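Residue strings, one per chain:
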Amino acid sequence: MSSATRRPVILDCDPGTDDAHALWLALASPEIDLRLVTVSGGNVGLDRTLANALAVTGLAGACVPVARGAERPLLGRFRSETAVHGDDGLAGVVLPRGGEAIGGLAADAIRDLLRGADPGEFTVVGIAPPTNLALALATEPALAARIGEIVLMAGAWGEGNWTPAAEFNAASDPEALAVLLGLGVPVTLVTLELTAQALVTPARIEALRRAGGGACLAASRRIMEATPPSRRMGGRGHALHDPCAVAWLVAPELFGARKAAVSVECGQGPGRGRTHVDRWGKTKGEATVTLPETLDADGFFALLAERLARLP
Ligand code: BDR
Ligand code: CA
(Lines give C-alpha, C1' and ligand atoms only; values in the text may rest on other atoms or scores of the structure.)
(Ligands and ions follow the chains in the order given, each with its own letter.)
Protein backbone atom coordinates (compact mmCIF):
# COMPACT_ATOMS: atom_id res chain seq x y z
CA MET A 1 0.00 0.00 0.00
CA SER A 2 1.47 3.40 -0.96
CA SER A 3 2.14 5.96 1.74
CA ALA A 4 -0.49 8.19 0.07
CA THR A 5 -3.26 5.75 1.00
CA ARG A 6 -2.04 4.98 4.53
CA ARG A 7 -3.74 7.06 7.22
CA PRO A 8 -1.43 8.87 9.62
CA VAL A 9 -2.75 7.92 13.06
CA ILE A 10 -2.20 9.02 16.65
CA LEU A 11 -3.41 6.35 19.07
CA ASP A 12 -4.12 7.16 22.72
CA CYS A 13 -4.41 4.13 25.00
CA ASP A 14 -4.24 2.72 28.56
CA PRO A 15 -3.11 -0.91 28.09
CA GLY A 16 -5.21 -2.73 29.22
CA THR A 17 -5.88 -6.17 27.78
CA ASP A 18 -8.04 -5.00 24.87
CA ASP A 19 -5.77 -2.02 24.20
CA ALA A 20 -2.95 -4.50 23.56
CA HIS A 21 -4.87 -6.22 20.76
CA ALA A 22 -5.83 -2.80 19.36
CA LEU A 23 -2.19 -1.72 19.24
CA TRP A 24 -1.19 -4.93 17.49
CA LEU A 25 -4.04 -4.59 14.99
CA ALA A 26 -2.98 -1.02 14.20
CA LEU A 27 0.70 -1.97 13.87
CA ALA A 28 -0.12 -4.91 11.60
CA SER A 29 -2.43 -3.01 9.26
CA PRO A 30 -0.98 -1.29 6.18
CA GLU A 31 -4.02 1.00 6.04
CA ILE A 32 -2.64 2.65 9.19
CA ASP A 33 0.56 4.63 9.50
CA LEU A 34 0.92 4.72 13.29
CA ARG A 35 2.96 7.85 14.03
CA LEU A 36 2.51 8.23 17.78
CA VAL A 37 1.21 6.23 20.72
CA THR A 38 0.21 8.23 23.78
CA VAL A 39 -0.59 6.63 27.10
CA SER A 40 -2.73 7.64 30.06
CA GLY A 41 -3.58 6.02 33.32
CA GLY A 42 -6.94 4.29 33.32
CA ASN A 43 -7.31 0.53 33.40
CA VAL A 44 -4.34 0.51 35.78
CA GLY A 45 -1.92 3.21 36.94
CA LEU A 46 0.14 5.19 34.44
CA ASP A 47 3.49 3.56 35.24
CA ARG A 48 1.96 0.21 34.40
CA THR A 49 0.00 1.30 31.29
CA LEU A 50 3.15 2.97 29.94
CA ALA A 51 5.28 -0.12 30.54
CA ASN A 52 2.60 -2.23 28.89
CA ALA A 53 2.38 0.04 25.83
CA LEU A 54 6.16 -0.16 25.45
CA ALA A 55 6.14 -3.94 25.85
CA VAL A 56 3.29 -4.41 23.37
CA THR A 57 4.86 -2.21 20.70
CA GLY A 58 8.27 -3.74 21.42
CA LEU A 59 6.98 -7.29 20.94
CA ALA A 60 5.71 -6.20 17.52
CA GLY A 61 9.18 -4.90 16.65
CA ALA A 62 7.69 -1.44 16.08
CA CYS A 63 9.71 1.73 16.49
CA VAL A 64 6.69 3.99 16.94
CA PRO A 65 7.25 6.75 19.53
CA VAL A 66 5.41 6.15 22.80
CA ALA A 67 4.73 9.11 25.10
CA ARG A 68 3.82 9.21 28.77
CA GLY A 69 0.61 11.11 29.46
CA ALA A 70 -1.97 11.85 32.10
CA GLU A 71 -1.71 10.44 35.60
CA ARG A 72 -5.15 11.73 36.46
CA PRO A 73 -8.22 12.95 34.60
CA LEU A 74 -9.11 16.65 34.33
CA LEU A 75 -11.03 16.29 37.60
CA GLY A 76 -10.50 13.76 40.38
CA ARG A 77 -8.46 10.62 39.90
CA PHE A 78 -8.50 7.48 37.77
CA ARG A 79 -10.04 4.36 39.25
CA SER A 80 -8.46 1.18 37.95
CA GLU A 81 -10.40 -1.64 36.29
CA THR A 82 -8.31 -4.48 37.75
CA ALA A 83 -11.23 -6.91 37.87
CA VAL A 84 -11.01 -7.16 34.07
CA HIS A 85 -7.38 -6.31 33.32
CA GLY A 86 -5.63 -7.68 36.43
CA ASP A 87 -3.25 -5.72 38.65
CA ASP A 88 -0.70 -5.55 35.84
CA GLY A 89 -3.17 -4.49 33.12
CA LEU A 90 -2.46 -7.51 30.91
CA ALA A 91 -4.37 -10.13 32.89
CA GLY A 92 -1.14 -11.56 34.29
CA VAL A 93 0.45 -12.25 30.90
CA VAL A 94 4.08 -11.18 31.16
CA LEU A 95 5.67 -9.71 28.04
CA PRO A 96 9.36 -8.93 27.55
CA ARG A 97 10.19 -5.43 28.75
CA GLY A 98 9.87 -2.86 25.95
CA GLY A 99 11.99 0.17 25.06
CA GLU A 100 11.92 3.69 26.47
CA ALA A 101 9.24 6.34 26.18
CA ILE A 102 10.14 9.50 24.30
CA GLY A 103 10.93 12.61 26.35
CA GLY A 104 8.14 15.07 27.02
CA LEU A 105 4.48 14.49 27.70
CA ALA A 106 1.73 13.08 25.53
CA ALA A 107 -0.13 16.35 24.99
CA ASP A 108 3.09 18.06 23.83
CA ALA A 109 3.90 15.18 21.47
CA ILE A 110 0.39 15.32 19.98
CA ARG A 111 0.59 19.08 19.44
CA ASP A 112 4.09 18.86 17.92
CA LEU A 113 2.92 16.30 15.40
CA LEU A 114 -0.25 18.20 14.50
CA ARG A 115 1.59 21.50 14.10
CA GLY A 116 3.53 20.01 11.18
CA ALA A 117 0.46 18.41 9.57
CA ASP A 118 -1.82 19.46 6.71
CA PRO A 119 -5.51 20.24 7.34
CA GLY A 120 -7.40 17.02 8.09
CA GLU A 121 -4.26 14.90 7.70
CA PHE A 122 -4.37 12.95 10.96
CA THR A 123 -6.81 10.43 12.34
CA VAL A 124 -6.89 10.25 16.12
CA VAL A 125 -7.94 7.03 17.82
CA GLY A 126 -8.77 7.18 21.53
CA ILE A 127 -9.24 3.94 23.43
CA ALA A 128 -8.61 5.28 26.94
CA PRO A 129 -9.99 7.98 29.21
CA PRO A 130 -9.67 10.85 26.70
CA THR A 131 -7.60 13.11 28.98
CA ASN A 132 -4.43 13.31 26.85
CA LEU A 133 -6.37 14.21 23.71
CA ALA A 134 -8.44 16.84 25.49
CA LEU A 135 -5.35 18.39 27.10
CA ALA A 136 -3.59 18.61 23.75
CA LEU A 137 -6.51 20.15 21.91
CA ALA A 138 -7.95 22.37 24.63
CA THR A 139 -4.60 24.12 24.95
CA GLU A 140 -4.22 24.72 21.18
CA PRO A 141 -7.69 24.28 19.65
CA ALA A 142 -6.62 25.52 16.20
CA LEU A 143 -4.79 22.20 15.80
CA ALA A 144 -8.13 20.42 15.63
CA ALA A 145 -8.25 21.49 11.96
CA ARG A 146 -5.34 19.13 11.30
CA ILE A 147 -7.51 16.16 12.35
CA GLY A 148 -9.86 14.58 9.82
CA GLU A 149 -11.55 12.15 12.20
CA ILE A 150 -11.53 11.22 15.87
CA VAL A 151 -12.52 7.63 16.61
CA LEU A 152 -13.25 6.95 20.26
CA MET A 153 -14.08 3.79 22.12
CA ALA A 154 -16.30 5.47 24.66
CA GLY A 155 -19.86 5.62 25.87
CA ALA A 156 -23.02 3.64 25.41
CA TRP A 157 -26.51 4.47 24.28
CA GLY A 158 -27.88 2.30 27.10
CA GLU A 159 -26.43 0.86 30.26
CA GLY A 160 -22.81 1.49 31.28
CA ASN A 161 -20.15 -1.01 32.33
CA TRP A 162 -18.50 1.11 35.05
CA THR A 163 -21.60 2.57 36.63
CA PRO A 164 -25.18 1.79 35.68
CA ALA A 165 -25.08 5.03 33.67
CA ALA A 166 -21.61 5.19 32.19
CA GLU A 167 -18.99 3.32 30.21
CA PHE A 168 -15.46 3.22 31.71
CA ASN A 169 -13.59 5.64 29.40
CA ALA A 170 -16.42 8.19 29.43
CA ALA A 171 -16.90 7.81 33.18
CA SER A 172 -13.16 8.22 33.83
CA ASP A 173 -13.02 11.70 32.28
CA PRO A 174 -16.38 13.08 31.11
CA GLU A 175 -15.05 16.64 30.86
CA ALA A 176 -12.34 15.48 28.46
CA LEU A 177 -14.91 13.68 26.34
CA ALA A 178 -17.02 16.86 26.26
CA VAL A 179 -13.98 18.77 24.96
CA LEU A 180 -13.55 16.30 22.11
CA LEU A 181 -17.24 16.28 21.20
CA GLY A 182 -17.17 20.08 21.02
CA LEU A 183 -14.17 20.53 18.71
CA GLY A 184 -16.11 20.50 15.46
CA VAL A 185 -14.03 17.55 14.20
CA PRO A 186 -16.00 14.53 12.91
CA VAL A 187 -16.21 12.03 15.77
CA THR A 188 -16.97 8.31 15.51
CA LEU A 189 -18.13 6.81 18.79
CA VAL A 190 -17.61 3.08 19.24
CA THR A 191 -19.92 2.26 22.13
CA LEU A 192 -20.48 -0.72 24.41
CA GLU A 193 -23.40 -1.88 22.27
CA LEU A 194 -21.09 -2.20 19.28
CA THR A 195 -18.22 -3.82 21.18
CA ALA A 196 -20.57 -6.34 22.83
CA GLN A 197 -20.80 -7.91 19.38
CA ALA A 198 -17.01 -8.51 19.38
CA LEU A 199 -17.40 -11.32 21.87
CA VAL A 200 -14.30 -13.39 22.59
CA THR A 201 -15.36 -17.02 22.90
CA PRO A 202 -13.31 -20.24 23.26
CA ALA A 203 -13.99 -21.03 19.58
CA ARG A 204 -12.62 -17.67 18.50
CA ILE A 205 -9.53 -18.09 20.68
CA GLU A 206 -8.99 -21.50 19.10
CA ALA A 207 -9.20 -19.91 15.64
CA LEU A 208 -6.41 -17.52 16.68
CA ARG A 209 -4.27 -20.49 17.70
CA ARG A 210 -4.61 -21.88 14.19
CA ALA A 211 -3.78 -18.54 12.52
CA GLY A 212 -0.03 -18.65 13.12
CA GLY A 213 2.82 -18.98 15.56
CA GLY A 214 4.24 -15.48 16.06
CA ALA A 215 4.92 -14.01 19.51
CA CYS A 216 2.25 -11.28 19.20
CA LEU A 217 -0.45 -13.69 18.09
CA ALA A 218 0.48 -16.06 20.92
CA ALA A 219 0.45 -13.23 23.47
CA SER A 220 -2.87 -11.99 22.14
CA ARG A 221 -4.34 -15.45 22.56
CA ARG A 222 -2.93 -15.81 26.08
CA ILE A 223 -4.35 -12.44 27.10
CA MET A 224 -7.77 -13.42 25.73
CA GLU A 225 -7.63 -16.72 27.62
CA ALA A 226 -6.68 -14.96 30.84
CA THR A 227 -9.36 -12.26 30.65
CA PRO A 228 -12.36 -13.32 32.73
CA PRO A 229 -15.73 -13.82 31.07
CA SER A 230 -18.06 -10.92 31.66
CA ARG A 231 -21.24 -11.16 33.67
CA ARG A 232 -22.66 -8.47 31.39
CA MET A 233 -22.11 -10.86 28.48
CA GLY A 234 -23.92 -13.63 30.33
CA GLY A 235 -20.59 -15.36 31.11
CA ARG A 236 -20.26 -16.41 27.45
CA GLY A 237 -17.01 -14.51 26.98
CA HIS A 238 -15.73 -10.94 27.08
CA ALA A 239 -16.13 -8.01 24.72
CA LEU A 240 -13.04 -6.99 22.79
CA HIS A 241 -13.76 -3.26 22.97
CA ASP A 242 -10.74 -1.31 21.77
CA PRO A 243 -9.76 -3.20 18.59
CA CYS A 244 -13.22 -2.32 17.23
CA ALA A 245 -12.12 1.33 17.01
CA VAL A 246 -9.08 0.35 14.96
CA ALA A 247 -11.09 -2.07 12.80
CA TRP A 248 -13.43 0.82 11.93
CA LEU A 249 -10.50 2.42 10.09
CA VAL A 250 -9.14 -0.77 8.56
CA ALA A 251 -12.35 -2.50 7.45
CA PRO A 252 -15.34 -0.13 7.61
CA GLU A 253 -17.33 -2.61 5.52
CA LEU A 254 -17.66 -4.78 8.64
CA PHE A 255 -19.83 -2.10 10.30
CA GLY A 256 -23.28 -0.62 9.90
CA ALA A 257 -23.52 2.95 11.23
CA ARG A 258 -25.82 5.92 11.59
CA LYS A 259 -25.41 9.54 12.61
CA ALA A 260 -26.58 10.78 15.99
CA ALA A 261 -26.35 13.78 18.28
CA VAL A 262 -24.26 12.88 21.34
CA SER A 263 -23.54 14.70 24.57
CA VAL A 264 -21.96 13.59 27.84
CA GLU A 265 -23.18 14.21 31.34
CA CYS A 266 -20.59 16.02 33.48
CA GLY A 267 -22.54 16.47 36.71
CA GLN A 268 -21.34 14.87 39.95
CA GLY A 269 -24.44 12.70 40.42
CA PRO A 270 -25.05 9.06 39.49
CA GLY A 271 -25.38 9.95 35.81
CA ARG A 272 -21.80 11.27 35.60
CA GLY A 273 -20.19 10.10 32.36
CA ARG A 274 -23.42 8.95 30.75
CA THR A 275 -23.44 9.57 27.01
CA HIS A 276 -26.79 10.79 25.73
CA VAL A 277 -27.01 9.28 22.27
CA ASP A 278 -29.98 10.52 20.25
CA ARG A 279 -30.31 7.64 17.79
CA TRP A 280 -33.82 8.55 16.74
CA GLY A 281 -33.55 12.32 16.33
CA LYS A 282 -35.66 13.11 19.40
CA THR A 283 -33.71 16.23 20.37
CA LYS A 284 -32.73 19.39 18.57
CA GLY A 285 -29.07 18.32 18.72
CA GLU A 286 -27.31 18.08 15.38
CA ALA A 287 -26.56 14.49 14.35
CA THR A 288 -22.83 14.96 13.83
CA VAL A 289 -21.42 11.86 15.52
CA THR A 290 -21.01 8.65 13.53
CA LEU A 291 -22.30 5.74 15.55
CA PRO A 292 -21.32 2.25 14.41
CA GLU A 293 -24.19 -0.01 15.48
CA THR A 294 -23.65 -3.38 13.88
CA LEU A 295 -20.52 -5.49 13.48
CA ASP A 296 -19.82 -8.51 11.32
CA ALA A 297 -18.21 -10.28 14.28
CA ASP A 298 -16.87 -13.27 12.36
CA GLY A 299 -15.33 -10.90 9.82
CA PHE A 300 -13.82 -8.86 12.66
CA PHE A 301 -12.15 -11.88 14.31
CA ALA A 302 -10.94 -13.14 10.92
CA LEU A 303 -9.38 -9.73 10.31
CA LEU A 304 -7.73 -9.75 13.73
CA ALA A 305 -6.26 -13.20 13.19
CA GLU A 306 -5.06 -12.47 9.68
CA ARG A 307 -3.44 -9.18 10.69
CA LEU A 308 -1.84 -10.34 13.95
CA ALA A 309 -0.37 -13.29 12.07
CA ARG A 310 1.69 -10.75 10.08
CA LEU A 311 3.52 -9.61 13.23
CA PRO A 312 6.64 -11.22 14.72
C1 BDR B 1 -13.03 0.47 27.79
O2 BDR B 1 -12.61 0.55 29.15
C3 BDR B 1 -11.40 -0.15 29.34
O4 BDR B 1 -11.49 -0.99 30.44
C5 BDR B 1 -11.13 -0.88 28.05
O6 BDR B 1 -9.74 -0.92 27.77
C7 BDR B 1 -11.87 -0.09 27.02
O8 BDR B 1 -11.08 0.97 26.51
C9 BDR B 1 -14.30 -0.34 27.72
O10 BDR B 1 -15.30 0.22 28.51
CA1 CA C 1 -8.67 0.99 26.82
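Above this text is the structure in question.
Residues numbered from 1 in each chain as written. Chains lettered and ligands numbered in written order. Predicted model: local features only at pLDDT ≥ 70, side-chain atom pairs only at ≥ 80, totals over all residues. Heavy atoms only, no water.

**Quick look at the pattern of salt bridges**
Move 1: If you walk through the whole model with that rule in mind, you get 18 salt bridges.
Move 2: Two residues, Glu175 and Arg272, come together in a salt bridge whose shortest N-O distance is 2.8 Å. In this pair, Glu175 sits in helix 7 (residues 174-181) while Arg272 sits in the loop between strand 9 (255-264) and strand 10 (275-278), placing the two residues 97 residues apart along the sequence. Across this residue pair, the class does not change: Glu175 and Arg272 are buried.
Move 3: Members of the salt-bridge network, linked through shared partners, are Glu31, Glu306, Arg307 and Arg310. (Salt bridge = Lys/Arg side-chain N within 4 Å of Asp/Glu carboxyl O. Helix = DSSP H or I, 4+ residues; strand = E, 2+ residues; numbered from the N terminus. Buried < 20%, exposed > 50% of the residue type's maximum accessible area, 1.4 Å probe, protein only.)

**Remarks on helix 7**
Move 1: Among the residues making up helix 7, those that are buried are Pro174, Glu175, Ala176, Leu177 and Leu180.
Move 2: Tucked inside the fold, the buried residues of helix 7 contact helix 5 (131-139), strand 5 (147-153), helix 6 (168-172), strand 6 (187-190), strand 9 and strand 10. (Contact = heavy atoms within 4.5 Å.)

**Topic: the layout of surface pockets**
Move 1: The calculated volume of the largest pocket comes to roughly 620 Å³.
Move 2: Along the walls of the largest pocket sit 34 residues, with Glu81, Val84, Asn161, Arg232 and His241 positioned nearest its centre.
Move 3: Secondary structure elements with two or more residues in the lining of the largest pocket: helix 1 (17-28), helix 3 (82-85), helix 6, strand 8 (238-239) and helix 11 (241-250).
Move 4: For the lining of the largest pocket, the leading source of residues is helix 1, giving four residues.
Move 5: Partitioning the lining of the largest pocket into residue classes produces 13 nonpolar, 12 polar and nine charged. (1 Å grid on protein atoms, 1.4 Å probe; cavity = no way out; pocket = protein on both sides within 12 Å on 5 of 7 lines; lining within 4 Å. Points joined across faces, edges and corners; volume = space filled by probe spheres on them. Nonpolar A, V, L, I, M, F, W, Y, C, P; charged D, E, K, R; others polar.)

**Digging into the site of ligand 1**
Move 1: As a structural note, the neighbourhood of ligand 1 is formed by 13 residues, with Asp18, Asn43, Asn161, Glu167 and Asp242 the closest of them.
Move 2: One nitrogen or oxygen atom from the side chain of Asp18 is found 2.6 Å from an oxygen atom belonging to ligand 1.
Move 3: At a separation of 3.1 Å, an oxygen atom of ligand 1 approaches a polar backbone atom of Ile127.
Move 4: When the free accessible area of ligand 1 is taken as 280 Å², the share hidden by the protein chains comes to 97%.
Move 5: When atoms are counted within 2 Å of each cavity's grid points, the one that captures over half of ligand 1 is the largest pocket.
Move 6: A per-class count over the shell around ligand 1 returns four nonpolar, five polar and four charged. (Near = heavy atom within 4 Å. Polar contact = N/O pair within 3.5 Å; in protein donor to acceptor, adjacent residues only side chain to side chain. Areas by Shrake-Rupley, 256 points an atom, 1.4 Å probe, with all protein chains shown as cover. Sits in = over half its atoms within 2 Å of the grid points.)

**Quick look at the environment of Pro312**
Move 1: Tracing the sequence through the fold places Pro312 in the segment after helix 12 (297-308).
Move 2: C-alpha separation for the pair Pro312 and Ala28, spaced 284 residues apart in sequence, amounts to 9.8 Å.
Move 3: In contact with Pro312, other than residues within four places in its own chain, are Leu59, Ala60, Gly61, Gly214, Ala215 and Cys216.

**So, the packing of helix 9 (residues 202-211) against helix 12**
Each pair of packed helices gets described by two things: the angle between the helix axes and the distance between those axes.
Move 1: Helix 12 packs onto helix 9 with a crossing angle of 30 degrees between their chain directions and a minimal axis gap of 9 Å. What the angle tells us is that helix 9 and helix 12 run roughly parallel. The two elements helix 9 and helix 12 meet at a crossing, and its hand is right-handed. In this structure, helix 9 contributes Arg204, Leu208 and Ala211 to the contact, and helix 12 contributes Ala297, Asp298, Phe301 and Ala305. (Axes fitted to C-alpha atoms, helices over the stretch in contact; angles between N-to-C directions. Parallel < 35°, antiparallel > 145°, perpendicular 65-115°, else oblique. Left-handed = near helix turned anticlockwise from the far one by under 90°.)

**Regarding the environment of Leu152**
Move 1: Residue placement: Leu152 occurs in strand 5.
Move 2: Leu152 sits in the buried class, given a relative accessible area of 2%.
Move 3: On a C-alpha basis, the gap between Leu152 and Ala305 in space is 22 Å, while along the polypeptide they are 153 residues apart.
Move 4: The residues contacting Leu152, other than those within four sequence positions of it, are Gly126, Leu133, Leu177, Leu180, Val187, Thr188, Leu189 and Val190.

**Topic: the nonpolar core**
Move 1: In terms of nonpolar packing, the biggest core is built from 63 residues, with Leu11, Trp24, Leu95 and Phe300 touching the most fellow members.
Move 2: Within the second largest apolar cluster, 32 residues are counted, among which are Leu36, Ala117, Leu133 and Leu180. (Core = buried A, V, L, I, M, F, W, Y, C linked by side-chain atoms within 4.5 Å.)

**Some words on the environment of Glu159**
Move 1: Position of Glu159 among the secondary structure elements: in the loop between strand 5 and helix 6.
Move 2: Judged by relative accessible area, Glu159 falls into the exposed class, the value being 59%.
Move 3: As for Glu159 and Ala91, which are separated by 68 residues in sequence, their C-alpha atoms are 25 Å apart.
Move 4: Among all residues touching Glu159, those that are not within four sequence positions of it are Pro164, Leu192 and Glu193.

**Digging into the packing of aromatic side chains**
Move 1: Inspection of the entire model under this criterion finds three aromatic pairs.
Move 2: Summarising the aromatic geometry, the rings of Trp162 and Phe168 are spaced 5.0 Å apart at their centres and angled 85 degrees between planes, so their arrangement reads as edge-to-face.
Move 3: For Trp162, a relative accessible area of 30% translates into the label partly exposed.
Move 4: The class of Phe168 is buried, set by a relative accessible area of 5%. (Phe/Tyr/Trp six-rings, centres within 6.5 Å; stacked < 30°, edge-to-face > 60°.)

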